[in-house]
Amino acid sequence: MQRRFKVDPERLKRFSFEPFAGLQRRIAEDHDLKRRLQEDLPGTLEEEGIVVDDAFRQMVSDQWHAQIEADTRLIMATIPENRKPYYRMVQSGEPVKVRVSIDPKTGEITTVPREEGP
Amino acid sequence: MSTGGYDVVMEIHEDLINTFLRIAYCLGRLPTFEGIYTLPVPDVPPDLLEFMDIGYRVSLAREPTFEVTDTGGLQITIRGEAVITLLGSISFDLEAQFRIAAAPEFDQPTRQFRIECSEALIEDLELDNRYHLPASVLAKLNQILAIGMEAFLTDEVTTIELSPVIFSADLPFMPAGEAYRLPIGLGAARVFPPSVVMGAVNLLGYTGGSSTAVTDFTNGHHIGIGINEAAMHRVYDFWWAHTTHPKTMDVMGSYEYDPPSFVDFLDALIDWGTAILTGGLVVTEVDLDRVWIEAEATMGFSKFTFDLLPGNAVSLSGSVNLEIGVNVYMQITTTTNLFWGLWEVDETTSTVELFDLYASGITVIINNAEGIVTLDSSRRLMVTLTALDIDIPLPWSVPEFILDYIVDWVVSRIVSEMPPIVLFPAVIEQTLPGTAVSITVSGETLEINETEALVTMNIGTSGANTYAPYIANMNSGEVHVRDCDWAHRIAQRNRVYYCTLEDAIADGYNGCYYCLREYDTG
């Protein structure tokens, strides 16, 4: 599938993982810090006193997943209702309801959301 | 209700009975009988005792014919050849035609139609009168013959199998053993003039039904089989309680997404991957290599409830207990530029787990399910699902493209892994028991009303080439028994099949030196 994307640093600012957020603020002013991070990210983090252990990774993962959930809600809010029937059912606390048709000759299955009635 | 409240009603046309009588005759299932009748003369001197014996040997000259009478009785007409031996060595050849009154029966162990012979009447007697016996002696001979043949026909050949096995006692996916075959209880038998015989049975201990309420539903077919809805429920309950078919399955699935699927999330995916890999601390370019989903689940199916509706429709409902885990991944390649694009210094391909979802104890409800009753390839009565409502309580607020896959995957697995809904075992077994005769079915119809399923069909059999005991060679002029090595070598185009050796010899064939030496005239 490969598609190349250039990352927009401004977009990444919302991922303010502490203590990375402090480093991000300093990079704007300290070019040497930026160069050291690019040359050796793990080593530079250690020099800056950031210990990358399991607890650190769990903390970052939790913050990261929280941001994903927030991003998902925001993006889903921009999608028209008719394109997100299952999401709406889940958000409303209802089971996902579908009507399934099975072709008796071919066995082909067709599934459509069931949004009216029981 | 055509089944009269019985679980299973089987109706068979007299034409089909006669077909199987012809096969039985050809296979020698209607045997020869012989014996000695001693004249009841008192005080016979010992040296004359042997002259009081009258020997007889009777065999069928032609296949019997079966008939339903206009008055609702059954009769079989048999023409037999008899050899009577008097005074130790004087033989008389004769032919006798018998009419035998009979009653229909359904044999539980074999699940075949039979008839029970009750009395025999000699209609015609032809004696080869080479010895010019007085008429009074002939009359006595007839009396002796009548006594002997009646005794034989009512005591020794009291039942004759008339049909293929109407239905199997074996359901699919069941353990071996008698306890897992359908127990069958006799219901009733009845005759529908002018041509149909009926037998009714009940299953699994049920004892209801009324023979006067049963109707003829064969519509001119060879066989009709009616199955009451109550029997279907009993059979399905019995099957569900004992089946070896899995009711809980572990399933897995995966799917590679194409970009249009997640176009709304494209920028977010790049952000998420880059953020977790770099903390946003370095400038990178990113190749989005793959986005995919992996799922696994354990599904536990409950027994369905069902109800027959008019017009071959079935309504069903059930549930599935679900434990499910889903993971969504992306693979990205990040390129970190040193000196802001002058050259690449670090390219790393990483797999990032975006979503790790798990839920257990989910009850998926199946409701408003519709199906049709069908005969599968083995002629078992089954329900084929055509539509259903499925409610899946999922606890995850994840992007719609992920929910789309999860829902479609769960639905497809439920439909494909669902245990079958078995309503009745196979009807009309494929071969005639103990023979090489195969049974073919044509003109099959299946009519479902609200309370029963009625199956009618015509029955054909494989030809005489599969069962005739004698094979003649048109080329050599010899006749062989079926198992003779020389019989196997006869080209198909030169074969003539015979049910009796007498017919083959009457057509001019000579007995084989090896297998029919006593009939080899050189």
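Our structure's up above, just so we're on the same page.
Basis of the calculations
- Residues numbered from 1 in each chain as written.
- Chains lettered and ligands numbered in written order.
- Predicted model: local features only at pLDDT ≥ 70, side-chain atom pairs only at ≥ 80, totals over all residues.
- Heavy atoms only, no water.
- Helix = DSSP H or I, 4+ residues; strand = E, 2+ residues; numbered from the N terminus.
- Buried < 20%, exposed > 50% of the residue type's maximum accessible area, 1.4 Å probe, protein only.
- Areas by Shrake-Rupley, 256 points an atom, 1.4 Å probe, with all protein chains shown as cover.
- Lys, Arg positive; Asp, Glu negative; His and termini not counted.
- Charge placed at Lys NZ, Arg CZ, Asp CG, Glu CD.
- Pairing = 2+ DSSP bridges.
- Axes fitted to C-alpha atoms, helices over the stretch in contact; angles between N-to-C directions.
- Phe/Tyr/Trp six-rings, centres within 6.5 Å; stacked < 30°, edge-to-face > 60°.
- Lys NZ or Arg CZ within 6 Å of the ring centre and 35° of its normal.
- Disulfide = S-S within 2.5 Å.

In terms of helices and strands, chain B carries seven helices and 24 strands. Expressed as a percentage of the 522 residues in chain B, the buried residues total 50%.

The next subject is the overall build of chain A. Scanning chain A from terminus to terminus reveals six helices and three strands. For chain A, the α and β elements follow one another from N to C terminus as β-α-α-α-α-α-α-β-β. Counting only C-alpha atoms, chain A reaches 70 × 30 × 30 Å along its principal axes. Out of the 118 residues belonging to chain A, those deemed buried represent 34%. Of the roughly 7,400 Å² that chain A leaves accessible, carbon and sulfur atoms contribute 51%. Here chain A contributes 20 positive and 22 negative side-chain charges, whose respective centroids are spaced 8 Å apart.

On to the sheet that holds strand S1 (residues 8–13) of chain B, then. All names here are of chain B. Reading across the sheet, the six strands line up as S9-S10-S1-S11-S20-S19 and stay open at both edges, with antiparallel pairing between neighbours. The outermost strands of the open sheet, each flanked by one partner alone, are strand S9 (184–192) and strand S19 (439–448). Across this sheet, the average inter-strand angle for adjacent strands is 20°, counted without regard to direction. As defined by bridge partners, strand S11 (residues 223–228) adjoins strand S20 (residues 452–461) across six bridges and the pair is classed as antiparallel. Across the sheet, Ile 227 pairs through a bridge with Ala 453, a residue of S20.

Moving on to the packing of aromatic side chains. Residues and elements named next belong to chain B. Under the definition given, this model contains 16 aromatic pairs over all chains. Where Tyr 236 meets Trp 240, the ring centres are 6.2 Å apart and the plane angle is 50°; that geometry is what we call tilted. With a gap of four residues between them, Tyr 236 and Trp 240 both fall in helix H3 (residues 229–242), about one helical turn apart. Across the pair, exposure class does not vary: Tyr 236 and Trp 240 are buried alike. Clustering of aromatic rings is evident, with ring pairs tying together Tyr 255, Tyr 257, Phe 262, Phe 265, Trp 272, Phe 355, Phe 401 and Tyr 405. Directly above the aromatic system of Tyr 206 lies the positively charged group of Arg 234, at a separation of 4.2 Å from the ring centroid.

Residue and element names in this part refer to chain B. Counted by the stated rule, this structure contains one disulfide over all chains. Here Cys 26 is linked by a disulfide to Cys 499, with a sulfur-sulfur distance of 1.9 Å. Between Cys 26 and Cys 499, the S-S torsion sits near -95°, and that sign places the bridge as left-handed. You can see Cys 26 sitting in helix H1 (residues 14–26) and its partner Cys 499 sitting in the loop between strand S23 (495–498) and helix H7 (501–506), a full 473 residues away along the chain. Accessibility expressed as a relative area gives 2% for Cys 26, which makes it buried. Cys 499 gets classed as partly exposed once you look at its relative accessible area, which sits at 28%. Cys 512 carries a free sulfur, and the closest cysteine sulfur to it, the one in Cys 515, is 3.7 Å from it.

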